[in-house]
Amino acid sequence: MNFDEHYNLAIAELKRTTIVEGNYAPPLHRFLRGRGVKLKPPHYNTIGMNILITGIPFAVLWGAIMWFILWQSQKLTPFMAIGAALVAGAIFGIFMSLYYRWSFNRNELTKWEKLEAEAEQTHGQTEEDGSISKPSTKVSS
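As the structure is a computational prediction, the values presented were derived from the model and not from experiment.

### Considering helix H5 (residues 78-106)
Between the first and last C-alpha of H5 there are 41 Å, a value that for 29 residues agrees with the 42 Å anticipated at 1.5 Å per step. Where H5 is concerned, the buried positions are Ala81, Ala85, Ala88, Gly89, Gly93, Ser97, Tyr100, Ser103 and Phe104. Residues of H5 that are buried in the fold lie against helix H2 (21-24) and helix H4 (47-71). Following H5 by one or two positions, glutamate 108 has its phi on the positive side, about 50°.

Printed below as a string of structure tokens:
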């Protein structure tokens, strides 16, 4: 199975959850995917990858805004401004990454590597509305 087929299975699974599209296909992801970058939806990325993908753009944007609005007039050195922006980006990236992991677990999503097997297992099992049902993985006690 190639990357695009895996990606489509992941998006189909995400659409069956309560997660909104802007969350599993944020603007930066749509922009990069439109330019041919093979990027998994954030819920399927590793924590480290999500820290980079969310933290770096945040650091750049937030740092630039803070530089022009506040730091330049306070005579903050560029070195200090870059350091503060990187720290803020790292914190933002960590929290976003933890959110995506929590959401992945809360919605009982299938691991990226197992999407193909899950799709084959649910193939043919459709709900009345035509959507594919996901088998429950919860153990009842």
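We are not done yet, so read on.
### Thoughts on the packing of aromatic side chains
Tallied over the entire structure, the rule returns nine aromatic pairs. Centroid distance phenylalanine 3 to tryptophan 112: 5.5 Å. Interplanar angle 40°. Geometry classified as tilted. Linking phenylalanine 3 in helix H1 (residues 3-15) with tryptophan 112 in the loop between H5 and helix H6 (115-122), this pair joins segments that are 109 residues apart in sequence. The burial state of phenylalanine 3 is the same as that of tryptophan 112; both residues are buried. For the pair phenylalanine 58 and phenylalanine 92, a centre-to-centre distance of 4.2 Å together with 10° between the ring planes defines the contact as stacked. Linking phenylalanine 58 in helix H4 with phenylalanine 92 in helix H5, this pair joins segments that are 34 residues apart in sequence. Classification of phenylalanine 58 as partly exposed rests on a relative accessible area of 27%. You can call phenylalanine 92 partly exposed: its relative accessible area is 31%. One aromatic cluster in this structure is built from Phe3, Tyr7, Tyr44, Phe104 and Trp112. Of note, arginine 33 hangs over the ring of tyrosine 7, and the distance from its end group to the ring centre comes to 3.6 Å.

### Digging into unusual backbone geometry
Backbone phi values are negative for most residues with the exception of glycine, while trans is the configuration of most peptide bonds. One non-glycine residue, lysine 75, lies in positive phi territory at about 60°. Tracing the sequence through the fold places lysine 75 in the loop between H4 and H5. Despite not being glycine, glutamate 108 has its phi angle at roughly 50°, a positive value. Note on placement: glutamate 108 falls in the loop between H5 and H6. Here glutamate 108 falls in the partly exposed class, since its relative accessible area comes to 30%.

Each value, and the rule that gives it
- Residues numbered from 1 in each chain as written.
- Predicted model: local features only at pLDDT ≥ 70, side-chain atom pairs only at ≥ 80, totals over all residues.
- Heavy atoms only, no water.
- Helix = DSSP H or I, 4+ residues; strand = E, 2+ residues; numbered from the N terminus.
- Expected span 1.5 Å × (residues − 1).
- Buried < 20%, exposed > 50% of the residue type's maximum accessible area, 1.4 Å probe, protein only.
- Contact = heavy atoms within 4.5 Å.
- Phe/Tyr/Trp six-rings, centres within 6.5 Å; stacked < 30°, edge-to-face > 60°.
- Lys NZ or Arg CZ within 6 Å of the ring centre and 35° of its normal.

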